[in-house]
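Tertiary structure, described
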Amino acid sequence: MMAKKGEWVRIHRVILRAEERTAKLPEDTKHCDLEMWTKGELLDDAEIGDDVRIRTAVGRTEHGRLIEVEPYYTHSYGKFVPEIIEIDKKLREEMGGIA
């Protein structure tokens, strides 16, 4: 996919490989690379997977591998939990029907 100069994109970069990190890290952390994902305005046309430069919202210039064009949030609060409805009903009863 071609990304055009000026488009809002997300990049990824490994800041430090696991073997380059300090030994003073917790066991489960010291075996992981230190990685960065950041978003900004693409400074030159590129394809997904290319090494690119961006300008972040605060004006920093960063570089990394282009991974996404026009990124958006995809988080949620999880799947529906029916017990929450029952808890809501009981709380409303106990509070005298206050909405």
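Further up the page is the structure itself.
Within any chain, residue numbers begin from 1 and follow the written order of that chain's sequence. Per-residue local features of the predicted model are confined to residues with pLDDT of at least 70, and side-chain atom pairs are confined, for both listing and counting, to 80 or more; whole-chain, interface and lining totals are unaffected and use all residues. Values shown for side chains rest on all heavy atoms present in the structure; no hydrogens or waters enter the calculation.

**Brief notes about the pattern of salt bridges**
Note the following rule: Note on definitions: salt bridges are taken to be side-chain nitrogens of Lys or Arg within 4 Å of carboxyl oxygens of Asp or Glu. By definition, any uninterrupted DSSP run of H or I lasting at least four residues is a helix, any uninterrupted run of E lasting at least two residues is a strand, and each is numbered from the N terminus. Each residue is placed in one exposure class: buried if its accessible area under a 1.4 Å probe, protein chains only, is under 20% of its type's maximum, exposed if it is over 50%, and partly exposed if it falls in between.
Counted under the stated rule, the structure contains eight salt bridges. Arg 10 is the partner of Glu 68 in a salt bridge, and the nearest nitrogen-oxygen pair spans 2.9 Å. Taken together, the positions of Glu 68 in strand E6 (residues 61-69) and Arg 10 in strand E2 (residues 8-16) put the pair 58 residues apart, joining distant regions of the chain. Here Arg 53 makes a salt bridge to Asp 44, at a shortest N to O gap of 3.6 Å. When its relative accessible area of 42% is taken as the criterion, Asp 44 is described as partly exposed. Taken together, the salt bridges that share partners define one network made up of Arg 13, Arg 60 and Glu 62.

**Here we look at the sheet that holds strand E5 (residues 51-55)**
To keep it simple, the criterion reads: At least two DSSP bridges between two strands are needed for those strands to be called paired. Axis definition: a line fit to C-alpha positions, over the contact stretch in the case of helices; interaxial angles, taken between N-to-C directions, run 0 to 180 degrees.
Here four strands make up a closed barrel; going around it, the order is E2-E3-E5-E6 and the pairing antiparallel. Strand after strand, the sheet turns through a mean of 55° between neighbouring axes, direction not considered. Direction of pairing for E5 relative to E6: antiparallel, over a ladder of five bridges. Note on E6: the bridge partner recorded for Asp 51 is Arg 65.

**Brief notes about helix H2 (residues 82-94)**
Stated formally: Take the residue count of a helix, subtract one, and multiply by 1.5 Å to get its expected span.
In this model H2 runs 19 Å from its N-terminal to its C-terminal C-alpha over 13 residues, within 8% of the 18 Å that 1.5 Å per residue would give. One or two steps after H2, the chain reaches Gly 96, where phi turns positive at roughly 80°.

**Side note on the nonpolar core**
Applicable threshold: Side-chain atoms within 4.5 Å are what join buried Ala, Val, Leu, Ile, Met, Phe, Trp, Tyr and Cys residues into a set we call a nonpolar core. Any two residues whose heavy atoms approach within 4.5 Å are treated as being in contact.
Core analysis: the biggest nonpolar cluster contains 10 residues, these being Ala 3, Val 9, Ile 11, Met 36, Leu 42, Ala 46, Val 52, Ile 54, Leu 66 and Val 69. At the level of secondary structure, the elements contributing two or more residues to this core comprise E2, strand E3 (34-42), E5 and E6. Among all residues touching Val 9, those that are not within four sequence positions of it are Thr 38, Lys 39, Gly 40, Leu 42, Ile 54, Leu 66, Glu 68, Val 69, Glu 70 and Pro 71.

**A closer look at the pairing of E2**
Looking at chain direction, E2 and E3 are connected through eight bridges and run antiparallel. Pairing of Val 14 across the sheet is with Glu 35, part of E3. Examined bridge by bridge, E2 and E6 share four bridges and lie antiparallel to one another. Bridge pairing links Ile 11 to Leu 66 in E6.

The quantities given are spatial measurements derived from coordinates; they are silent on function.
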